[in-house]
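Survey of secondary and tertiary structure
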Amino acid sequence: QVQVVESGGGLVQAGGSLRLSCAASGSTSRINAMAWYRQAPGKGREWVATITNGGNTDYQDSVKGRFTISRDNAKSMMYLQMNSLKPEDTGVYYCNAKLRRDLAFSYYWGQGTQVTVSA
């Protein structure tokens, strides 16, 4: 199993920046990819960005050019640098780890960290 813990959330003004961190522990050698999700108030959880073990990244259109996902495999850490934050970025941000197991995958979630962007 893998445990993931998010940190770095907080309250910021629109246009500000915030850096989220995700620390993974356990069977980190089996992690295939990691991703960030978020859940805005009254809405479902949505995908934000993904980074693979090979370093390939992908982003939701609304955050392209503003957010940067990165990963340090040696330290089992993942980061989300968020710049030019908007009120619509407000939500609980979750770290997700995708683990390989035979021909299937398992997913592990952190408890989430609150990000609030005021206008």
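This text gives an overview of the structure that appears in the document.

Cut-offs and rules
Residues numbered from 1 in each chain as written. Predicted model: local features only at pLDDT ≥ 70, side-chain atom pairs only at ≥ 80, totals over all residues. Heavy atoms only, no water. Helix = DSSP H or I, 4+ residues; strand = E, 2+ residues; numbered from the N terminus. Rg over C-alpha atoms; globule rule 2.2 N^0.38 Å. Areas by Shrake-Rupley, 256 points an atom, 1.4 Å probe, with all protein chains shown as cover. Disulfide = S-S within 2.5 Å. Buried < 20%, exposed > 50% of the residue type's maximum accessible area, 1.4 Å probe, protein only. Phe/Tyr/Trp six-rings, centres within 6.5 Å; stacked < 30°, edge-to-face > 60°. Pairing = 2+ DSSP bridges.

Attention shifts here to the overall build of the chain. The helix and strand tally for the chain stands at zero helices and eleven strands. Traced from its N-terminal end to its C-terminal end, the chain shows the element sequence β-β-β-β-β-β-β-β-β-β-β. The globule rule puts the C-alpha radius of gyration for 119 residues at 14 Å, and the 14 Å found for the chain is close to it. Overall size of the chain, expressed as C-alpha extent along the three principal axes, is 45 × 25 × 25 Å. A total of about 6,200 Å² of accessible surface is found on the chain, and carbon and sulfur atoms cover 47% of it.

Should the sulfur atoms of two cysteines be covalently bonded, the bond is a disulfide. Inspection of the entire model under this criterion finds one disulfide. Each sulfur in the disulfide pair Cys22 and Cys95 lies 1.9 Å from the other. Looking along the S-S bond of the Cys22-Cys95 disulfide, the torsion reads about -75°, which is the left-handed sense. On the criterion of sequence distance, the pair formed by Cys22 in strand 3 (residues 18–26) and Cys95 in strand 9 (residues 91–101) is long-range, its members being 73 residues apart. According to the relative accessible area criterion, Cys22 is buried, its value standing at 0%.

All right, on to the packing of aromatic side chains then. One pass over the full model with this rule turns up one aromatic pair. Aromatic side chains Tyr37 and Trp109 sit 4.9 Å apart centroid to centroid with 65° between the ring planes, which places their arrangement in the edge-to-face category. In this pair, Tyr37 sits in strand 4 (residues 31–39) while Trp109 sits in strand 10 (residues 104–109), placing the two residues 72 residues apart along the sequence. Residue Trp109 is classed as partly exposed on the basis of its relative accessible area, which comes to 33%.

Time to look at unusual backbone geometry. A positive phi is found at Ser76, a non-glycine position, where the angle reads about 55°. Counting through the fold element by element, Ser76 comes out in the loop between strand 7 (67–72) and strand 8 (77–82).

So, about the pairing of strand 1 (residues 2–7). Of the two faces of strand 1, only the one carrying Val2, Val4 and Glu6 is buried; Gln3, Val5 and Ser7 on the other face are not. Bridge count for strand 1 against strand 3 is six bridges, and the pairing is antiparallel. Within strand 3, the residue paired with Val2 across the bridge is Gly26.

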